[in-house]
Structure formats: C-alpha cells, structure tokens
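# Working through the structure, step by step
The chain contents come next:
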Amino acid sequence: MTATPHAAVAPSGGVLAHSAPEPELTAQIVSPDPDERTRDRVLSAVLERGPVSAAELGDRLGFTPAAMRRHLDALSHDGLIEVKRVRSSATGAGRPARRYVLSRRGQTKMGNDYLDIAIAALSQLGEAAGPEAIEEFARIRFSGMEERYRPLVEAAGPDVEARARALAGALSTDGFVGSTKTVGLPQGRGARTAPHAIRSAMPSVQLCQGHCPIQGLASAFPAFCEQETGVFARLLGVDVRRLSTLAGGGHVCTTHIPLGRTTAAHAAPASPDAPGNAAQPAAPEAAPPSTPATLSIHQQGRP
C-alpha cells in the first residue's frame, strides 16, 4: 500500500488541504526550579542562624526532617555549606553536635560583587601611595559606619549589653547579620546562691556577624577588620577583642565584649593619678583583671 500525505481536517470533518508530516515540537516553558528556590531559602537561613542544626532549620522553615536533610546534603555537595562540630555550651560533655555554617563559597554566593575590581584598585593604591593609604581608606570607610551607628547605640543607654544588642541590630541592617549572646553567667537555680560563679566565669557578650559583605576585601587587607574593631570599641565604650573573623577563616566574626566595665561616657583611658580616680576603687566582682584578652587586635599590635 502506498503511503498518503497527511491531510488537515476542518472542524466540520472535511479535508482542508494535504500537508507533509511536520517534525514533533519539543519546546518547553522554562520555570525556576522549585528545589533551587527552596535551597536559596535554606542557604539564607544558615547564613542568618548559623551555626545551626538541621532540626532548628526544619522548625524554622517548616520542613520535614527528610526534606531538610535532602536540601542540606545538596548544598553541602555544592560546597555552599559545611558542618561544624559544636559541644554543648552548658556542660561541654558528650559528642559534639553537627551544626551548619556557610562555607567560603557560600559566603561569596551571598554577595561579594566587584571583589576582584576592588582588590585590584586597592592594590594599586598601596603600590602608588604606600600601605598607609589603604589604612586611611579603611578608616574613612568605617568612620561613616561609626557616625551612622552612634545615635542608635547611644539610644540604648549606658548598659554595655544593651548597647551591644543595638550595635548588632545596626549591623544586620547593613547586611552583616549581627547577633549577640551573653556568656559566662551562671545558669539554673544555683545562680542566686553562687555569686562567685560570676567572677570566675568573667561574664561577657559575644557579638557575632554571620555575613561579611567585604569578606574577600578584608582577607586581602586586614586594615578593614582592624578599623571595624576600633569602631566597636569606641561605640561600646570598652576594650573589645576579636575572637574570630570570616576574613581569617572563621565561620563567623566573633567579638568579645566584657561586661561590668565602665560605660561609654567613662570609657576613655585615664591616668591612675588623675583626680577622682582614687575615690573609685575597682569592683572585682564586676571587672575582671585587665589582660591582653580584653584588648582589641590593633591595640595588641597584631594584624
């Protein structure tokens, strides 16, 4: 039997015209991958909350444990997150728990645009005018931050812990994902009956920054971290110490802020022989002894 050409059929059933067979069309409408959008949400949650457990992420995002694990495995496979082992802060005993944080690649994905251009420009500035020019650039950059943050921090009053929380909020507004955690305070019922625990634990606030928009820049030029540390010390009115930085390879930027010190209004260094100082004896319960651990990095002469 001889093959006949295809014929177009009219709605009434009649033949309109003969036509040759047409190739099958395979065009598809491309839509965003739901999994990709979901993983962007997970990545943002890890950025905001990390170090964070899978269970905490699941509760926050409303995912089942199996779904949460699948997304975390995918992000880990892509090198965007990594596991950090963390011991319980209460007992320090037991097997370290798994916590998720952003990797360096994940930090970059969340936004470090024009990094190569900025590093090249500052490198040329250093070659032309010397390293002091880079330090001055960083100082000017963070002086603007200090000016904007000061009214917000001052509004929190003289309490150092309250000022630290206000500073964390200002940092979050600028994309640094700031948070605070008070450490070293006694916990449980025994807190009221063991005041010596406060002295031995040296209560402090840890100011954390989960994201650094200029991480790559600060990795190449430590002056940025040094200037930021100085801004924190001046705003809070106490000497602070950087425990870790994203630029230095840490999972978060962590700044140690001692509690029980003088407020910002009395934070400027003064001579021991200055008038009025003799009438203000030190309170050992509130102020731990001055050690290098309470000095900022640039005050210790370290990069």
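Our structure's up above, just so we're on the same page.
Everything quoted here is computed from the prediction, not taken from an experiment. Every chain's residues receive numbers from 1 upward, in the order its sequence appears when written. Given that the model is predicted, a residue must reach a pLDDT of at least 70 before its local features are reported, and side-chain atom pairs must reach 80 or more before they are shown or counted; all residues, however, enter totals for whole chains, interfaces and linings. With hydrogens and water excluded, all non-hydrogen atoms of the structure serve as input to the side-chain values.

Another aspect to go through is the overall build of the protein chain. Within the protein chain one finds 10 helices and 8 strands. Any two residues having at least one pair of non-hydrogen atoms within 4.5 Å are treated as being in contact. Intrachain contacts of the protein chain at a sequence separation of at least 6 include 62% that bridge at least 24 residues. Taken as a whole, the protein chain presents about 18,300 Å² of accessible surface, with 55% of it coming from carbon and sulfur. Only runs of H or I of at least four residues qualify as helices and only runs of E of at least two qualify as strands under DSSP, and these elements are numbered from the N terminus. Reported accessibility uses the Shrake-Rupley method at a 1.4 Å probe radius. Residues are deemed covered only where the shown protein chains occlude them.

Once that is clear, we can look at the packing of helix α1 (residues 34-49) against helix α2 (residues 54-61). Fitted lines through C-alpha atoms serve as axes, helices being fitted only where they are in contact, and the angles separating the N-to-C directions of these axes extend from 0 to 180 degrees. One way to put it is that α1 packs onto α2 with a least axis distance of 11 Å and a crossing angle of 120°. The crossing of α1 and α2 is right-handed. Contact residues: α1 offers R41, V42, A45, V46, E48 and R49, while α2 offers L57, R60 and L61. When the near helix sits turned anticlockwise from the far one by under a right angle, the crossing is termed left-handed; a clockwise turn instead gives a right-handed crossing.

What follows is about the packing of helix α6 (residues 131-154) against helix α10 (residues 223-236). Here α6 crosses α10 at 30°, and the two axes come no closer than 9 Å. The orientation of α6 relative to α10 falls into the category roughly parallel. The chirality of how α6 crosses α10 is right-handed. Contact residues: E135, F137, A138, R139, F142, M145, E146, Y149, R150 and V153 in α6; A223, F224, Q227, E228, V231, R234 and L235 in α10. Residues that form the contact of α6 with α10 fall into these classes: 10 nonpolar, 1 polar and 6 charged. Angle categories are assigned with fixed cut-offs, so that under 35 degrees is roughly parallel, over 145 is roughly antiparallel, 65 to 115 is roughly perpendicular, and the rest are oblique. In this classification, the charged set is Asp, Glu, Lys and Arg, the nonpolar set is Ala, Val, Leu, Ile, Met, Phe, Trp, Tyr, Cys and Pro, and all remaining amino acids, among them Gly, are polar.

It is worth spelling out the pattern of salt bridges at this point. The salt bridge criterion pairs a side-chain nitrogen of Lys or Arg with a carboxyl oxygen of Asp or Glu, the two atoms within 4 Å. One pass over the full model with this rule turns up 8 salt bridges. What you see here is one network of salt bridges that share partners, running through E146, R150, E154, R163 and R234.

Let's shift gears to the pairing of strand β8 (residues 253-258). Burial analysis of β8 places 6 of its 6 residues in the buried class, the great majority of the element. Burial classes follow relative accessibility: with a 1.4 Å probe on protein chains only, a residue under 20% of its type's maximum area counts as buried, one over 50% as exposed, and anything between as partly exposed. The alternating pattern of β8 places C253, T255 and I257 and T254, H256 and P258 on opposite faces, both of which are buried. For strand β6 (residues 204-209) and β8, the ladder comprises 6 bridges, and the chain directions are antiparallel. Residue pairing across strands places L207 opposite T255, the latter belonging to β8. By the bridge criterion, 3 bridges tie strand β7 (residues 241-244) to β8 in an arrangement that is antiparallel. Bridge assignment links S244 to a residue of β8, and that residue is T254. Strands qualify as paired when DSSP identifies two bridges or more between them.

Expected helix span is given by 1.5 Å per residue-to-residue step, counting one fewer step than there are residues. Between the first and last C-alpha of α6 there are 33 Å, a value that for 24 residues agrees with the 34 Å anticipated at 1.5 Å per step. The largest bend in α6 comes to about 30°, at R148, with the proline P151 one to four residues further on. Listed in full, the buried residues belonging to α6 are A133, I134, A138, F142, M145, E146, Y149 and V153. We define the bend at each residue as the angle formed by axes fitted to the 7 residues ending at it and the 7 residues starting at it.

Now for unusual backbone geometry. Positive phi outside glycine occurs at V177, with the angle close to 50°. Overall, the relative accessible area of 18% leaves V177 in the buried class.

Glancing now at the sheet that holds β6. The strand order across the open sheet built from 4 strands is β5-β6-β8-β7, with neighbouring strands paired in antiparallel fashion. The strands lining the two open edges of the sheet, one partner per strand, are β5 (178-183) and β7. Across the sheet, the mean angle separating the axes of adjacent strands is 30° when strand polarity is ignored. Contacts from helix α7 (residues 160-173) reach β5, β6 and β8, with the element oriented near 155° to β5. Lying over the sheet, α10 contacts β6, β7 and β8, oriented at roughly 130° with respect to β7.

So, about the nonpolar core. Only buried Ala, Val, Leu, Ile, Met, Phe, Trp, Tyr and Cys residues count toward a nonpolar core, and they belong to the same one when joined by side-chain atoms within 4.5 Å. Ranked by internal contacts, the top residues of the largest apolar core, which has 36 residues, are L167, L171, F224 and I257. Sorting elements by how many residues they give to this core places α10 first, with 8 residues. Those residues in contact with I257 that sit more than four places away from it in its chain are V160, A164, S204, V205, L207, L236, V238 and V240. Counting residues in hydrophobic clusters, the runner-up holds 17 residues, among them V46, L72, L75 and L80.

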